[in-house]
Amino acid sequence: MSNLKMKEAALIYLDRSGGLQKFIDDCKFYNDSKQSYAVYRFSILINPSDIVELDAELGNYILHQPLKAAQVFQSVCFIAVKTLSLIGQLQTEAQINIVLKLTHLPPLRSYSLDLCEFPLDYASQRFYMMQGIVIAMTTVTKYTQGARFLCSDEACPLSKGFEYIRVHVPGATESATVRNDFLCNLCSSSLQEDRKFRVLGDKQIVEIITAKALHAFQGYSNNQPFRFQSLTIFLRDESVSKMNIGNEYKIIGIPTCVRTSQTAVCIEANSIISCNPEVPSGISDNFRYLLSLTSSSCWKFTAILANIFASQIVPPGTYNLLKLCLLMSLVQTSDRNKELKDCLDILIMTSDTLLVDRLLNFSIKLVPRGIRHPVSTEIFPTLSRNKYGTGAVSIQAGSALLAKGGICFIGDLASHKKDKLEQLQSVVESRSITVYIPGKKFGDDINQQMTFPVQCSFWSFVDMDSSSKRNMQKTNTLIGRMDCSLIPANLVEAFGLLINCNESSSCYPLISTVQHTLKKAIDPEELLYVASKKFTTEDFEKLLAFAKNLNVEFSLEAERMIHGYYLASRRIRTDSISGSKLSASALKYLVSLAEAHARLNLRNKVLKEDVLIAALLFETSLTLKYGATVFCVAPNAVFPFELYNEEYLEQRDIYLNQCQQQLQQFIATYGPGTAIFTSDE
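Residues numbered from 1 in each chain as written. Predicted model: local features only at pLDDT ≥ 70, side-chain atom pairs only at ≥ 80, totals over all residues. Heavy atoms only, no water.

Take the overall build of the protein next. Along its length, the protein carries 21 helices and 23 strands. Residue burial in the protein is summarised as follows: out of 681 residues, 52% are buried. Restricting to contacts in the protein with at least 6 residues of sequence separation, those with at least 24 account for 74%. Working note: accessible area of the protein is about 32,200 Å², and carbon and sulfur atoms make up 51% of it. (Helix = DSSP H or I, 4+ residues; strand = E, 2+ residues; numbered from the N terminus. Buried < 20%, exposed > 50% of the residue type's maximum accessible area, 1.4 Å probe, protein only. Contact = heavy atoms within 4.5 Å. Areas by Shrake-Rupley, 256 points an atom, 1.4 Å probe, with all protein chains shown as cover.)

Put into structure tokens, the structure is as follows:
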């Protein structure tokens, strides 16, 4: 009686949810097909909340005994087919394969599978929700959805018909569905597969890790050793190719135990939900108050941010240019599973690699996808054999794909080999990486290739002070140009921003840095400055999280100015022999810089003041690469004075206003519409 009641509830749910009509449409497809089927597969969408409200017993059955619940729906669907004459060829109930697809699970702890908690429950054969980031995936292969078997004894009545139907169930291996040692229940003769009725489906295997595991790539330790382990997810049919490397997903599935060379816990995926974190509601009170105090200027707020940023690593007022660029790069990141279009790559030339390394390592921890590339691993995807023996090739993410939407800090460029630098240059220019899969090597007849978008910003530095490199440096004949012969010129050009961090210059006082380092060595946890106490690391995290989710648009004035500067700069850096030194991506970098400065100011509109900062930063970078031009910008143009108090901020504003006038004059002289432009230009 209980089973009959659940069947009635299942039929009512299918009718109310629209599932019955979808089932009828699917049956019509099968009935109209000229192909003969042994197994008819139907996917039924289940909303647990609705079905529990309709019938608690059936809802409990679906959540905790999904394989038996599928049999209830199988019986209901078989009766519907026979009653309504939906599929003329269907003979037995065993031919119907029901897959229940859940929309969600109850938001209770008992339904959540935390990848950091062990042991994992893989014996209950029920649904769990887990969340993780894809770090590897295989190519798509085939598996047996269902197969028809016949008794080998022709005299046996079961040597015909569709009594022996085997279908894949969650956790089953290929040999559990198809093998040659099955026996007839009637005469005990061996069963033979009728191969022309075998039904194949698509299968893909992915590996995920919990987001907490990314701390291992950010230098977190807290003096506590920790480990993380990936979890294997089996995707089948509709779920295949719905997950991308680097994205974070919620997965509803059934844990199973798969035995290979080592016993492993895997998940048979049922439903996949893309994860998009909540947008932060605001910033800290201290930052809100600071923003109100500096509201009269478009430049003061970001200047103070750069001044006090990372005071745990360097004293306030030092490395301001670098810190501003880092903050601007950080606000151009994204926590969402969407395309990141506005990357800001930064290459730093420095003689103090230890301090710069600490500063960059501190900065990447402020965003969820800040990845410090481990030297022992690969930056870009690599290939390996799949450990589950499916014949598929496993593609491992690498640091760049793992940093999707964030920052990939790759350390000293000189530590990478020439072929890796060439690959990096290609990726930075194209924002994609193509993986070639040789068929012969991995047991396939044909070669394949897969292309992945690379959606992160790259940070790196070059040590200019090692003795071997000093001997290699050349004397520059162009004013302002920096010797970058230590690394390929094309790679230097590919980076959007080139920054010179020279600690011996007036911009970086050496004494304050030495004092800071000594005090931190004595007490690493001590907060040495008032800024460190008022504006904590958590405050900066909230600020960046809020700022990067702002939707910004250009004002008409700013749009004209940025295009004018780009065209003028391109014009004066073009010669008849080598053409223009500005690549097509230069305008994209300029736009990204201007948007970043507006976001950092917590504004939704890009103003001409943001374009000025973008132009000064970009022109400083161009000067280091190619030398100075007519629009001559000082190396410290963005921070011409040390920011001690309000008076110095006012002086900086006056200076930047003068730079604004110079930029407008430069555009008026060399920009579009001027006499020096040809009709083609």
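Here the narrative resumes, following the displayed structure.
For the second largest pocket, the calculated volume is near 780 Å³. In terms of lining residues, the second largest pocket is bounded by 32 residues, among which Asn97, Ile98, His168, Val169 and Pro170 are the most central. Of all the elements in the fold, those that place two or more residues in the lining of the second largest pocket are α5 (66–84), β2 (96–102), β4 (141–151), β5 (164–167), α6 (174–177) and β10 (263–274). The leading source of residues in the lining of the second largest pocket is β2, at six residues. A breakdown of the residues in the lining of the second largest pocket according to their chemical character gives 18 nonpolar, eight polar and six charged. (1 Å grid on protein atoms, 1.4 Å probe; cavity = no way out; pocket = protein on both sides within 12 Å on 5 of 7 lines; lining within 4 Å. Points joined across faces, edges and corners; volume = space filled by probe spheres on them. Nonpolar A, V, L, I, M, F, W, Y, C, P; charged D, E, K, R; others polar.)

Attention shifts here to the side chain of arginine 148. Position of arginine 148 among the secondary structure elements: in strand β4. Among the polar contacts made by the side chain of arginine 148, one reaches the main-chain carbonyl oxygen of glycine 161 at a distance of 2.9 Å. A distance of 2.8 Å separates the side chain of arginine 148 from the side chain of aspartate 194, its partner in a polar contact. Setting aside its immediate chain neighbours within four residues, arginine 148 contacts Ala38, Lys160, Gly161, Phe162, Tyr164, Ile165, Gln192, Glu193, Asp194 and Phe197. (Polar contact = N/O pair within 3.5 Å; in protein donor to acceptor, adjacent residues only side chain to side chain.)

So, on to the nonpolar core. Ranked by internal contacts, the top residues of the largest apolar core, which has 154 residues, are Met130, Ile233, Phe287, Leu413, Phe458, Phe540 and Tyr565. When neighbours within four sequence positions are excluded, tyrosine 565 is seen to be in contact with Leu590, Ala615, Phe618, Glu619, Leu622, Phe631, Leu663, Phe666 and Ile667. With 40 residues, the next largest nonpolar core counts Tyr30, Phe42, Ala69 and Leu105 among its residues. (Core = buried A, V, L, I, M, F, W, Y, C linked by side-chain atoms within 4.5 Å.)

All chains considered together, the criterion is met by 22 salt bridges. For the salt bridge of lysine 22 with aspartate 26, the shortest nitrogen-to-oxygen distance reads 3.1 Å. Linking lysine 22 with aspartate 26, this pair stays in helix α2 (residues 19–32), spanning four residues, or about one helical turn. With relative accessibility at 42%, the residue lysine 22 sits in the partly exposed group. Between glutamate 646 and lysine 300 there is a salt bridge, with the nearest N and O atoms lying 2.7 Å from each other. One end of the pair, glutamate 646, is in helix α21 (residues 646–670); the other, lysine 300, is in helix α8 (residues 300–308), with 346 residues separating them in the sequence. Assessed through its relative accessible area of 45%, glutamate 646 is described here as partly exposed. Accessibility expressed as a relative area gives 4% for lysine 300, which makes it buried. (Salt bridge = Lys/Arg side-chain N within 4 Å of Asp/Glu carboxyl O.)

Moving on, we come to the side chain of glutamate 595. Tracing the sequence through the fold places glutamate 595 in helix α19 (residues 586–600). Residue class for glutamate 595 comes out buried when judged on its relative accessible area of 12%. Ignoring any residue separated from it by four or fewer positions in sequence, one finds glutamate 595 in contact with Gln332, Asp342, Val552, Phe554 and Val606.

This part is about the pairing of strand β3 (residues 128–138). In terms of residue burial, β3 counts as a mostly covered element, since 10 of its 11 residues are buried. Bridge count between β3 and strand β7 (residues 199–209): four bridges; the pairing is antiparallel. Bridge pairing in β7 places alanine 136 opposite glutamate 207. As defined by bridge partners, β3 adjoins strand β14 (residues 393–396) across three bridges and the pair is classed as antiparallel. Residue alanine 136 lies in a different strand from β14, and its bridge partner there is glutamine 396. (Pairing = 2+ DSSP bridges.)

Right, let's talk about the confidence of the model for the protein for a bit. When pLDDT is averaged across the protein, the result is 86; 89% of the residues are at 70 or more. Across residues 675–681, where pLDDT falls below 50, the model places 10 contacts with residues more than four positions away in sequence or in other chains. (pLDDT = per-residue confidence, 0-100.)

Take the sheet that holds strand β18 (residues 457–463) next. The strand order β12-β15-β18-β11-β19 describes an open sheet built from five strands, whose pairing is parallel. Edge positions in the open sheet fall to β12 (370–372) and β19 (497–501), since each of these has one partner strand only. Between one strand and the next, the sheet's axes are offset by a mean angle of 20°, whatever the strand orientation. When strand β15 (residues 407–412) meets β18, the two strands line up parallel, connected through four bridges. Residue pairing for β18: aspartate 412 is matched across the bridge by phenylalanine 461. (Axes fitted to C-alpha atoms, helices over the stretch in contact; angles between N-to-C directions.)

Moving on: a nonpolar patch on the surface. There is a patch of nonpolar side chains on the surface, built from Leu510, Val514 and Leu518 and spanning about 270 Å² of accessible area. Examined against the element boundaries, valine 514 turns out to sit in helix α15 (residues 510–522). On the accessibility criterion, valine 514 (41% relative accessible area) is partly exposed. (Patch = residues over 30% accessible without salt bridge, like charges linked within 9 Å, V, L, I, M, F, W, Y side chains within 5 Å.)

Within the secondary structure, cysteine 184 sits in the loop between α6 and β6 (191–193). For the pair cysteine 184 and serine 152, spaced 32 residues apart in the sequence, the C-alpha separation amounts to 8.5 Å. Contact partners of cysteine 184, with chain neighbours within four places excluded, come to Cys151, Cys156, Leu158, Tyr164, Ser189 and Leu191.

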